[in-house]
Amino acid sequence: MIEFKLPSLGADMDEGKLLEWKVKPGDAVRKGDVVAVVDTTKAAVEVETWQEGVVESLLVEPGTTIPVGTTIARFLAPGEKPGAAPAVPLPPGPPVAGERRPVSPAARRRARELGIDPEGIPGTGPHGAVTIEDVERATKAVPAAAPVDRGAEMRKSIAAAMSRSKREIPHYYLAESIPMQRAQDWLSAENARRPLTGRILMAAVQLKAVALALRGFPELNGTWRDGAYQPSASVNTGVAISLRQGGLVAPGIRDVQDLAIDDLMAKLADLVKRARAGSLRSSEFSDPTITITNLGDTGVEATYPVIYPPQVAIVGLGRIALRPWVEEGAVVARPVVVATLSADHRVSDGHRGAAFLAELSRRLQEPEKL
Amino acid sequence: MNAKELVPLLFQELRKIAPELEEGDVAPDKLLRDQVDLDSMDWLNFLIAVHQRFKVEIAESDYATLATLDQIAAYVVARNPQDS
């Protein structure tokens, strides 16, 4: 019998509220299948399974808030017969009356914004699904409940994770000014021959350069767990994405070092879109081995970010701006970005961190090889 | 459709990117990115939406001339006066 437990989706998550099951008893599940949607303080997240089997029982009712690590379902392992496992008590939670009505993700988000329960709204969509129009209509028909202060909850989660980081991780900080003329020229030429829908952002170029630069610096790419460092063979970059309602999330893109720049751009666009729509997957929170925060669009010159545990490093990028730059003894105006590295002294030293930033700069001078 | 009539339609597309916007939040003659929190991904998605709705090609080299809703509307009308 396989016990499927609520995974931790980051250092800032202690519990989650089960919103809905995506499977039912008797369903076969395979690695990567979404089995449930769980609401965290930051977003509704599609929780995947990483084991194969057949759903034997669902142990938690939608609407229940459960601690990380709680067994929420049981799967029969391949070839296993039902009825052998002991019963696991249900965590306490509110009862759900009657059959649940399907609710579209957009409707669920709108209902959350309005502070109302979408389950109680009559649905007019396919199979009685509650649509966003149904939610809007319901708010006109009934007095609105007190809105959920999601911003305050998210701020608490971020504060808890960052406090833990600053308390436990001996940070060191480095900065490097990197000339961006070649990267900009290459990108302009590349985008000039692409349709609008196929254009690449500098953020994707920088992301790829970071991933390639990390190849020679395993002490910056990995996780610190149970008092020991585990380097990662693949570069799974968490990307800090600001949410329009405030706060941020940092879901990851896997194997960035091996992705073609077009694929990386497509994945980045998809990740940003889904982060802001509230439809991220659990693996995207648990995978990252390093995070990149790019605040260039805000106009800030440089950022000195806090490491996101259990990672051991984070790269910050400021805006690309024209600055005085010395070339062959002459001062010229060049586009320059300040790249920073915050890293964990338990795993690396400033000397290696500095070498990494130098390698990042070198990679950005050869954009055609990214 | 003239450029002035096009501005509300552009605002519709912008609101899909920035749903927090309310009517009247954006002055069409003022710099868009001073009034709306748009990062480079939002900006690209907005231009893709304009491209798909109004069937206009937008060169990256023209981005600098598309700083206000009025400028974008004029750009669209100039390139596709029939369909806009």
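Rules behind the numbers
Residues numbered from 1 in each chain as written. Chains lettered and ligands numbered in written order. Predicted model: local features only at pLDDT ≥ 70, side-chain atom pairs only at ≥ 80, totals over all residues. Helix = DSSP H or I, 4+ residues; strand = E, 2+ residues; numbered from the N terminus. Buried ≥ 20, exposed ≤ 12 C-beta atoms within 10 Å, placed from the backbone. Contact = placed C-beta atoms within 7 Å. Domains from an automatic or database assignment. Nonpolar A, V, L, I, M, F, W, Y, C, P; charged D, E, K, R; others polar. Pairing = 2+ DSSP bridges. pLDDT = per-residue confidence, 0-100.

Undergrad: Residue-level account of the overall build of chain A, with values.
TA: Within chain A, the regular secondary structure consists of eight helices and 20 strands. Counting across all 370 residues of chain A, residues that qualify as buried make up 39%. For chain A, contacts bridging at least 24 residues in sequence account for 65% of all contacts bridging at least 6.

Undergrad: Report on the domain arrangement of chain A, specifying residues and quantitative values.
TA: All names here are of chain A. Domain boundaries in chain A define domain 1 (2-100) and domain 2 (163-369). Between domain 1 and domain 2, the C-alpha centre-to-centre distance is 34 Å. Contact with domain 1, which involves twelve residues of that partner, is made by 14 residues of domain 2. Here the side of domain 1 that touches domain 2 gets five residues from one element, more than from any other, and that element is strand β5 (residues 44-48). In terms of residue class, the side of domain 1 that touches domain 2 is made up of eight nonpolar, one polar and three charged.

Undergrad: Describe the interface of chain B and chain A, and please don't skip the residues or the numbers.
TA: In this complex, chain B contributes 14 residues to the contact, which on the side of chain A involves twelve residues. Considered class by class, the residues forming the side of chain B that touches chain A number seven nonpolar, three polar and four charged.

Undergrad: Describe the sheet that holds strand β2 (residues 15-21) of chain A, and please don't skip the residues or the numbers.
TA: Residue and element names in this part refer to chain A. Pairing in this open sheet of five strands is mixed, and the strands run β7-β2-β4-β5-β16 from one edge to the other. Sheet topology places β7 (65-67) and β16 (280-281) at the edges, where each strand pairs with a single neighbour. Relative to β16, β5 runs parallel, the two being bridged by two bridges. In the sheet register, valine 45 faces β16, and the bridge partner there is leucine 280.

Undergrad: Could you give me a rundown of the pairing of β5 of chain A, with the residues and numbers involved?
TA: The element β5 of chain A is largely enclosed, with a buried count of four among its five residues. Between strand β4 (residues 34-39) of chain A and the antiparallel strand that follows it, β5 of chain A, lie four residues.

Undergrad: Break down unusual backbone geometry for me, citing the residues and quoting the values.
TA: Cis geometry is adopted by the peptide bond preceding proline 310 of chain A, which originates at proline 309 of chain A and carries an omega value of 5°. Note that proline 310 of chain A resides in the loop between β17 (290-294) and β18 (313-317). Its identity is not glycine, yet aspartate 255 of chain A carries a phi of approximately 50°, on the positive side. Inspection of the secondary structure puts aspartate 255 of chain A in the loop between β15 (252-253) and α6 (261-277). Positive phi, normally seen in glycine, also occurs at lysine 55 of chain B, with a value near 55°. For lysine 55 of chain B, the position within the fold is in the loop between α3 (40-54) and α4 (69-79). Overall, lysine 55 of chain B belongs to the partly exposed group, with 13 C-beta atoms counted inside 10 Å.

Undergrad: Got a sec to walk through the confidence of the model for chain B? Specific residues and values, please.
TA: This prediction gives chain B a mean pLDDT of 91; 95% of its residues lie at or above 70. Confidence estimates for the predicted assembly give a pTM of 0.78 and an ipTM of 0.88.

Undergrad: Pulling in residues and values, what's your account of the sheet that holds strand β8 (residues 71-76) of chain A?
TA: In space, the four strands of this open sheet follow the order β1-β8-β6-β3 (chain A), with antiparallel pairing throughout. Two strands lie at the open edges of the sheet, namely β1 (2-5) and β3 (28-29) of chain A, each paired on one side alone.

Undergrad: Describe in detail the environment of leucine 317 of chain A, supporting the description with residues and values.
TA: Residue and element names in this part refer to chain A. Inspection of the secondary structure puts leucine 317 in strand β18. A sequence separation of 136 residues divides leucine 317 from glutamine 181, and the C-alpha atoms of the two residues are 16 Å apart. With near-sequence residues (within four places) excluded, leucine 317 lies in contact with Gln206, Asn294, Gly296, Val337 and Ala339.

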